[in-house]
Amino acid sequence: MTPLAFLQAAETAPSQSASSTLGLAFGIALLVIVCAAAAAVLWNIFTGKIDLTFLLCGDDDRASMGRFQFLIFTFVIAFSYFYVVASDGKLPAIPTEVLTLLGISASTYAVGKGIDQSGGSAPPDNPPEDKK
Amino acid sequence: METLALWTGKALTFILAAFAAGVVYKLLTGGIRLRGLLLDTEPRATFSPARVQLLVFTLAAAGEYLKLLMQRPEHSGLPAPPDSVLQVLGASQVLYAGCKGWQRLLLPSLQRLMKGNRP
């Protein structure tokens, strides 16, 4: 190593170390904040302060199949990711097919929402039986 | 840094799992409303085969994926669902959305049109 290269290395090494330490501290702080926020939300869900009664309901207060299937696939993929991270000890890559699966599910939810928002109703001379 | 990334991943996936557990608990105890899940609302509340087939194929696809997850080789990462599962699921979802569009959009329009043509 030439003297000049040695001096350059001596000058840059402390700054790289400081930058790395700062990044690590920032990451830990961010992780703690996110975990605290999630814990607060979970606590409020379990104590009933956040009401999930209508989580799966559409505008007509009936449960929506589009929302239900989207929820199932979201949780299945999330659980699978958790399982792989816990068993392999590293963050896995997400295959294109999994993204396609979630895309199909989300598209159906979005299309159903669009139909609900723009949907008409039956003519008034054909009322539902329960309103007679 | 790699350790931090791993712990971040573990923490976030644990949070997701906790949310999932909370929602499943609420579903099982009636804290989340499921009334009308398998019923059509237009023109009246009736049993819906389109919703039933979507529920069946959704549960089948989710079960198939979980089976793939349990049978995967060690350290092989997240399994990819087979194309056949994606095709069947896509067809099921298209059928559901098509039936919903027919009942909510096309059928009322046709009925209004027929009513308008009456003398």
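Residues numbered from 1 in each chain as written. Chains lettered and ligands numbered in written order. Predicted model: local features only at pLDDT ≥ 70, side-chain atom pairs only at ≥ 80, totals over all residues. Heavy atoms only, no water.

## Quick notes on unusual backbone geometry
Reasoning step 1: We note that B:His75 has phi near 55°; this positive angle belongs to a residue other than glycine.
Reasoning step 2: Turning to its location among the elements, B:His75 is positioned in the loop between α2 (49-71) and α3 (83-117). (Helix = DSSP H or I, 4+ residues; strand = E, 2+ residues; numbered from the N terminus.)

## A look at the packing of helix α3 (residues 96-118) of chain A against α3(B)
Reasoning step 1: Close contact between α3(A) and α3(B) brings their axes to 10 Å; oriented N to C, the two are set at 0°. In terms of axis orientation, α3(A) runs roughly parallel to α3(B). Here A:Glu97, A:Thr100, A:Leu101, A:Ile104, A:Ser105, A:Thr108, A:Val111, A:Gly112, A:Ile115, A:Asp116 and A:Ser118 of α3(A) come into contact with α3(B), specifically with B:Asp83, B:Leu86, B:Leu89, B:Gly90, B:Gln93, B:Tyr96, B:Ala97, B:Lys100, B:Gly101, B:Arg104 and B:Leu105.
Reasoning step 2: When grouped by side-chain class, the residues that make up the contact of α3(A) with α3(B) number nine nonpolar, eight polar and five charged. (Axes fitted to C-alpha atoms, helices over the stretch in contact; angles between N-to-C directions. Parallel < 35°, antiparallel > 145°, perpendicular 65-115°, else oblique. Contact = heavy atoms within 4.5 Å. Nonpolar A, V, L, I, M, F, W, Y, C, P; charged D, E, K, R; others polar.)

## Observations regarding the interface of chain B and chain A
Reasoning step 1: On the chain A side, the residues contacting the 71 residues of chain B number 73 residues.
Reasoning step 2: Of the roughly 6,200 Å² buried at the junction of chain B and chain A (both faces included), carbon and sulfur atoms supply 74%.
Reasoning step 3: It is B:Arg33, B:Leu78 and B:Arg104 that lose the most area in chain B upon contact with chain A, and together they represent 11% of the buried surface on that side.
Reasoning step 4: Where chain B touches chain A, the interface holds three salt bridges.
Reasoning step 5: The partner of B:Arg72 in a salt bridge is A:Asp88, with the nearest N and O atoms 3.1 Å apart. (Buried area = accessible area lost by both parts, 1.4 Å probe. Salt bridge = Lys/Arg side-chain N within 4 Å of Asp/Glu carboxyl O.)

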